[in-house]
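Close look at the chain arrangement
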Amino acid sequence: MPTVGYQGHPGAFSDVAARRLVPDAETRGYPSFDATAIALAKGEVDFAVLPVENAIAGPVPRNYELLWEHPDLRIVEETTLPVELCLVGVGGAHEDRIAEVRSHPVALEQVRALIEAHGWRRSTSTDTAGAVKEIVRLNDPSVAAIGPALAAEIYGGRILARNVQDEAENYTRFFLLSRSPAAAPSDRACIGIAVDDRPGSLRDALSAFADRAIDLRFLIARPDRKVPFRYRFFVELTGVDDARLTAALAAIGGDQRLLGRY
Ligand SMILES: O=C(O)C(=O)C[C@]1(C(=O)O)C=C[C@@H](O)C=C1
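Calculation criteria
- Residues numbered from 1 in each chain as written.
- Predicted model: local features only at pLDDT ≥ 70, side-chain atom pairs only at ≥ 80, totals over all residues.
- UniProt positions renumbered as here; feature names shortened; annotations may be inferred.
- Helix = DSSP H or I, 4+ residues; strand = E, 2+ residues; numbered from the N terminus.
- Near = placed C-beta within 6 Å.
- Nonpolar A, V, L, I, M, F, W, Y, C, P; charged D, E, K, R; others polar.
- Domains from an automatic or database assignment.
- Contact = placed C-beta atoms within 7 Å.

The name an unreviewed UniProt entry gives the protein is Prephenate dehydratase, with Vulcanimicrobium alpinum as the organism. According to UniProt, the comment filed for the protein under the heading Pathway (unreviewed entry) is "Amino-acid biosynthesis; L-phenylalanine biosynthesis; phenylpyruvate from prephenate: step 1/1." In its Catalytic activity (unreviewed entry) section, UniProt records this for the protein: "prephenate + H(+) = 3-phenylpyruvate + CO2 + H2O".

The next subject is unusual backbone geometry. Backbone geometry at Arg225 places phi at a positive 80 degrees, although glycine is not the residue there. Its place among the elements puts Arg225 in the loop between β13 (215-223) and β14 (231-238). In this structure, Phe229 is a non-glycine residue whose phi angle is positive, near 65 degrees. Topologically, Phe229 is positioned in the loop between β13 and β14.

Turning to the site of the ligand, a few remarks are in order. Lining the immediate environment of the ligand, one finds 15 residues, of which Ala12, Phe13, Ser14, Asp127 and Thr128 sit closest. At the level of secondary structure, the elements contributing two or more residues to the shell around the ligand comprise α1 (13-21), β3 (47-54), α4 (105-109) and α6 (128-138). In terms of residue class, the shell around the ligand is built from eight nonpolar, six polar and one charged. Mapped onto the domain boundaries, the shell around the ligand takes at least three residues apiece from domain 1 (3-82 + 171-178) and domain 2 (86-161).

Here Phe174 shows up in strand β11 (residues 171-178). Spatially, the C-alpha atoms of Phe174 and Phe13 are 9.6 Å apart, while their sequence positions differ by 161 residues. Each residue touching Phe174, except ones within four places of it in the same chain, is listed here: Ser14, Ala17, Val49, Leu50, Pro51, Val52, Glu78, Thr79 and Leu81.

Given below as structure tokens:
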């Protein structure tokens, strides 16, 4: 049975994404994104699942950096899950008597309006399901969690309100990572590139893709950490084939890495 690492506890969105990406897998929770990537790099699991983008909160940049830091890992597939967040409490809890809400920071970011409206104190947990597990164990009606209905079911929390995120339509996109490239990838690719510090260098890099009819889906800049205020760009592309991608990367030059074809 294949094993898939994810960040969090059973019932977290990443666990659900792992089961969808690798049906019949045994999923294993880790305490952080970094620990999940390390477990895959060390061969403790066959695959790992990491969230990379939420429709409300935006990119999860650490997970692009982890791909750069672990050159032996490759993106092999992706999936997008609908994310319905619930306010979960314990017996005796009521929305108007809550003082503190716990969740993964990316999930708290998706429920900004409700939290601000009540002035609740925020505290962070490893993941949404872990937050539900913690508040059930604490059994304090003034402490609630933001998490999936599935986690409330697994750990015995009471759902006080459903669909509490700022926008009703909400999704998170996840990558499936492996230690070897996808055998038969579709037309997507993710690249890390550090362009020269000169006028037009990023435009020229993007033109190298556009000139070959490769479509840009996503772009983020992250500090390279070694030189202050120098950035590395992570780009996701669609409409890719190996020949045009190789030609585009040769035209761009510089420090670059293919993070996956999927
Ligand atoms: O905590 C979870 O349930 C996770 O899977 C992590 C995560 C994330 O980091 O983006 C995934 C989906 C939701 O957007 C909230 C949190």
